[in-house]
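# Tertiary structure, described
Given next are the chains, with one letter for each unit.
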Amino acid sequence: QVQFVESGGGLVQPGGSLRLSCAASGIIFRLYAMGWYRQAPGKQRELVAAITTGGTTNYTDSVKGRFTISRDNAKNTVYLQMNSLKPEDTAVYYCNGNRGLVDGRTREYWGQGTQVAVSS
């Protein structure tokens, strides 16, 4: 059974930091590209940060320089370090793992989400 379990969300003041973790089980973690998405109330889910199997990262413009995605293949875990948080970062954050298959399909899994609220 595949499980992605996120943790680390919570309430933080503007300018504060949080570290999200996503522990995966039931997959060969090192074969999956991993990403963090977020969805704010009334908005579409958006990609925040992603990391390839080789460790290449990319970020949406609004978080560049503030967020860092990393992965530990030995622990089957992907992290999102979030610094200098702003109220507009408030959202439910979701962990995603995806892998391209030889037949052209994509295998994809999602976590259940963790709430991040940035407010004074």
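These numbers were taken from a predicted model, which means no experiment stands behind them. (Residues numbered from 1 in each chain as written. Predicted model: local features only at pLDDT ≥ 70, side-chain atom pairs only at ≥ 80, totals over all residues. Heavy atoms only, no water.)

For the coordinates displayed, the defined rule picks out five salt bridges. Across the pair Asp-89 and Arg-38 runs a salt bridge whose closest N-O atoms are separated by 3.0 Å. Residue Asp-89 is found in the loop between strand 8 (77-82) and strand 9 (91-100), and its partner Arg-38 is found in strand 4 (residues 33-39); the two are separated by 51 residues along the sequence. No difference in accessibility class separates Asp-89 from Arg-38, as the two residues are buried. By relative accessible area, Asp-89 is classed as buried at 1%. Sharing partners across several salt bridges, the network here consists of Arg-38, Glu-46, Arg-66 and Asp-89. (Salt bridge = Lys/Arg side-chain N within 4 Å of Asp/Glu carboxyl O. Helix = DSSP H or I, 4+ residues; strand = E, 2+ residues; numbered from the N terminus. Buried < 20%, exposed > 50% of the residue type's maximum accessible area, 1.4 Å probe, protein only.)

One pair of aromatic rings is described through two measures. These are the centre distance and the angle between the planes. Evaluation of the coordinates by the stated rule reveals three aromatic pairs. When the centroid spacing of 6.1 Å and the interplanar angle of 55° are considered together, the rings of Phe-4 and Tyr-109 count as tilted. With Phe-4 in strand 1 (residues 3-7) and Tyr-109 in strand 10 (residues 106-110), the pair connects residues that are 105 residues apart, well separated along the chain. Residue classification places Phe-4 among the buried positions, given a relative accessible area of 5%. Look at Tyr-109 and you get partly exposed, because its relative accessible area is 23%. Look at Tyr-37 and Trp-110: their rings are 4.8 Å apart centre to centre, the planes differ by 65°, and that puts the pair in the edge-to-face class. A residue pair is termed long-range when its members are at least 10 positions apart, and Tyr-37 in strand 4 and Trp-110 in strand 10 qualify at 73 residues. Under the relative-accessibility criterion, Trp-110 is labelled partly exposed at 33%. Among the aromatic residues, those joined into a cluster by ring pairs are Phe-4, Tyr-32 and Tyr-109. Between Arg-19 and the ring centre of Tyr-79, over which it is positioned, the NZ or CZ distance is 4.0 Å. Above the plane of the ring of Trp-110 lies Arg-45, whose end atom (NZ or CZ) is 4.7 Å from the centre. (Phe/Tyr/Trp six-rings, centres within 6.5 Å; stacked < 30°, edge-to-face > 60°. Lys NZ or Arg CZ within 6 Å of the ring centre and 35° of its normal.)

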